[in-house]
Amino acid sequence: MPFDHREPLPAPPAYGLSTVAEVLTSAAGALGIEGFTNTLSLPAARRVAVVMVDGLGLTLLRKFAAHAPFLRENLDSARTLSSAFPSTTAASLASLGTGLPPGQHGMVGYDVLDPAQDRVVNMLGGWDPGVDPLTWQPYETVFERAAAHVPVVTVSQPRFADSPMTRAALRGGTFVGANTIQARVDAAAGQLAGASRMLMYFYVNDLDKAGHRYGVDSAGWLRALEDLDAALKLLARRVPSDTLLVVTADHGMVDVPATQRIDYSLRPDLIDGVAHTAGEPRMLHLYLEQGLTAPERDAVALRWHEAFGTRAWILTREEAVEHGYFGSVRDEVRPRIGDLLVLAREGVALIDGRRAQPSAFAMVGQHGSLTRAERDIPLLILPTPAAAVRTRNGKGPRRG
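Sequence order sets the numbering: in each chain, residues are counted from 1 along the sequence as written. pLDDT decides what is reported in this predicted model: residues at 70 or higher carry local features, side-chain atom pairs at 80 or more are listed and counted, and totals for whole chains, interfaces and linings draw on all residues regardless. As a rule here, side-chain values cover all heavy atoms of the structure and leave hydrogens and water aside.

A. Local environment of the overall build of the protein chain. Here a strand is any run of E in DSSP of at least two residues, a helix any run of H or I of at least four, and the numbering for each starts at the N terminus. A tally of helices and strands in the protein chain yields 16 helices and 17 strands. For the radius of gyration, the atoms used are the C-alpha atoms, and the globule rule reads 2.2 Å times the number of residues raised to 0.38. Against the compact-globule benchmark of 21 Å for 400 residues, the protein chain has a radius of gyration of 21 Å, which places it among compact chains. Summarising its shape, the C-alpha atoms of the protein chain cover approximately 70 × 40 × 35 Å along the three principal directions. Buried means the residue's accessible area, taken with a 1.4 Å probe over protein chains only, is under 20% of the maximum for its type, while exposed means over 50%, and partly exposed covers the values in between. Classification of the 400 residues of the protein chain by burial places 59% in the buried group. Here, residues are in contact when the closest pair of their heavy atoms is within 4.5 Å. A separation threshold of at least 6 residues defines the contact pool for the protein chain, and within that pool the share at least 24 residues apart is 74%. Total accessible area on the protein chain is roughly 15,600 Å²; 51% of this is exposed by carbon and sulfur atoms. Counted charges follow a simple rule, with Lys and Arg positive, Asp and Glu negative, and His plus the chain ends left uncounted. Taken as the charge centre is NZ of Lys, CZ of Arg, CG of Asp or CD of Glu, depending on the residue. Of the side chains in the protein chain, 40 bear a positive and 43 a negative charge, and the two mean positions are spaced by 9 Å. Accessible areas in this description were obtained via Shrake-Rupley with a 1.4 Å probe; residue shielding takes into account the shown protein chains only.

So, in structure tokens, the structure goes:
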């Protein structure tokens, strides 16, 4: 039953135009690789390195720019992109790696229902052994397509080399593992110097970890931002000429006070009629019990509206799909999306205490919904030695 939403629903991500899904495909286009469109109008280059900073929302970067002087120098030319929906790592990295919206690649949340097993499965570190990554996400990745034309390299933590997430959405090319961000800078610079053309993906997750643990308004998060800024400045100095250095993110983050991290499983009226819960604390998938009549399904939705309708947008699956939040949705993906979706609008996190670890209630920084702090991500082109030379000659790099 559609509801008369008290607040206008946020606009969906502009898939195909200005989201995280267009970053790697545009990078491949900037390299001149056949079959890719440079939608974001990135400057042409012989080497492109895309740095994905987990959790670097554009709102946060602007707010705390004083702690990132190197990035701050380039903020005026930054473009605003949107994360995928939900604004979470699994969905956005899969969109980055495939160039597709979540409704196509099928990774529609941190964890979601696997209809074949009738159980909730994790899309990141706790991937279910009953789910084949290549079946769940069957499309060829950007890396696989590009590797037929240029060297493709991923620089990331060693533990991600053969993870199910990598196999599902980031497979292809050569993987180079390094544990610290400084070691990854060394590895990236060396790899770029060793090839005349290259597409590189460089992943950094230290900022996201600090945000979840300490909050984005904390000394721990600011230290992580300062370390990131220093590492990117070093990387920019060390990359070879003709390297385009692009920085983006998968999502932003908001702090949620402990009093607003709510265990909704303590409310029998909210879980009555709900067979499975999944997603993020700020973007719930609620899967209703089979056999409920239409009035019974409407009653579940009404109870959630009465409980959280002033603090969240509550939509049916049909509303979310029709509104374009997941992009075009293939038939296999549709049942992975909840019958009801709960998108946090205010500073609240909704947690199912029956299945969440106690640490979930200690998590300060949260994301997943469609507030600007969570969905707005940057597209930054950082100056490199070649760019500096062009600027001194009066021929600055073209900005997309």
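Okay, back to it.
B. Local environment of the sheet that holds strand β13 (residues 312–316). Paired strands, in this sense, are two strands between which DSSP finds at least two bridges. Pairing in this open sheet of four strands is antiparallel, and the strands run β11-β12-β14-β13 from one edge to the other. If you trace the sheet from one side to the other, it starts and ends with β11 (274–280) and β13, each paired once. Along the sheet, successive strands turn relative to each other by an average axial angle of 20°, direction set aside. As paired elements, β11 and strand β12 (residues 283–288) share six bridges and run antiparallel to each other. In the sheet register, Thr-277 faces β12, and the bridge partner there is Leu-286. What counts as an axis is a line fitted to C-alpha atoms, over the stretch in contact for a helix, and the angles between N-to-C directions run from 0 to 180 degrees.

C. The arrangement of the pattern of salt bridges in detail. One speaks of a salt bridge when a side-chain nitrogen belonging to Lys or Arg is within 4 Å of a carboxyl oxygen belonging to Asp or Glu. The tally for this structure, following the rule as stated, stands at 12 salt bridges. The salt bridge partner of Arg-167 is Asp-162, with a shortest N-O separation of 3.6 Å. A salt bridge links Arg-372 to Asp-376, with the shortest nitrogen-to-oxygen separation between them at 2.8 Å. Since its relative accessible area comes to 58%, Arg-372 is described here as exposed. Owing to a relative accessible area of 9%, Asp-376 belongs among the buried residues under this scheme. Through salt bridges with shared partners, one network takes in Arg-297, Arg-317 and Asp-339.

D. View of the packing of aromatic side chains. The rule is short: rings of Phe, Tyr and Trp, with Trp giving its six-membered ring, pair when the centres are within 6.5 Å, and they are stacked under 30 degrees, edge-to-face over 60, tilted in between. One pass over the full model with this rule turns up eight aromatic pairs. Here a set of aromatic residues connected by ring pairs shows up, and it is made of Phe-143, Phe-160, Tyr-201 and Tyr-203. Look at NZ for Lys and CZ for Arg. If either is within 6 Å of the ring centre and within 35 degrees of the ring normal, a charge sits over the ring. We note Arg-336 situated over the ring of Trp-136; from NZ or CZ to the ring centre the distance is 3.6 Å.

E. Just the sheet that holds strand β5 (residues 152–156), in detail. Spatial strand order, β2-β17-β8-β1-β7-β5-β6: seven strands in an open sheet with mixed pairing. Looking at which strands have only one partner, the edges of the open sheet turn out to be β2 (79–82) and β6 (174–177). Pairs of neighbouring strands in the sheet enclose a mean axial angle of 20°, with direction left out of account. Packing of helix α9 (residues 181–193) onto the sheet brings it into contact with β1 (47–53), β5, β6, β7 (198–204) and β8 (243–249), and relative to β7 it is tilted by some 180°.

F. Examining the packing of helix α10 (residues 206–214) against helix α11 (residues 219–238) more closely. For the pair α10 and α11, interaxial distance at closest approach is 8 Å and the crossing angle is 170°. Our classification of the angle between α10 and α11 gives roughly antiparallel. Contacts between α10 and α11 involve Asp-206, Leu-207, Ala-210, Gly-211 and Tyr-214 from the first element and Gly-220, Trp-221, Ala-224, Leu-225 and Leu-228 from the second. Each residue gets one of three labels, nonpolar for Ala, Val, Leu, Ile, Met, Phe, Trp, Tyr, Cys and Pro, charged for Asp, Glu, Lys and Arg, and polar for the others, Gly among them. Looking at the contact of α10 with α11 residue by residue, the class counts come to seven nonpolar, two polar and one charged. Any angle that falls under 35 degrees is termed roughly parallel, while one over 145 is termed roughly antiparallel, one within 65 to 115 roughly perpendicular, and all others oblique.

G. A look at the packing of α9 against α11. α11 packs onto α9 with a crossing angle of 15° between their chain directions and a minimal axis gap of 10 Å. Between α9 and α11, the angle is such that the two are roughly parallel. Seen along the crossing, α9 lies across α11 with a hand that is right-handed. In this structure, α9 contributes Ile-181, Val-185, Asp-186, Ala-188 and Ala-189 to the contact, and α11 contributes Leu-228, Ala-231, Leu-234, Leu-235 and Arg-238. Residues of the contact of α9 with α11, tallied by class, amount to eight nonpolar, no polar and two charged. Crossing handedness follows the turn of the near helix against the far one: under a right angle anticlockwise gives a left-handed crossing, and clockwise gives a right-handed one.

H. Highlighting the confidence of the model for the protein chain. Across the protein chain, pLDDT averages 94, with 94% of residues at or above 70. In predicted models, pLDDT denotes the confidence assigned by the predictor to each residue on a 0 to 100 scale. Below pLDDT 50 for its whole length, residues 388–400 participates in 17 contacts with residues either more than four positions away or in separate chains.

I. Quick look at the pairing of β13. The buried count for β13 comes to five of five residues, which makes it a mostly enclosed element. Side chains Ala-312, Ile-314 and Thr-316 project from β13 onto one buried face, and the interleaved Trp-313 and Leu-315 project onto a second face that is buried too. Across five bridges, the pairing between β13 and strand β14 (residues 340–344) is antiparallel. Residue pairing in the sheet places Leu-315 in a bridge with Leu-341 of β14.

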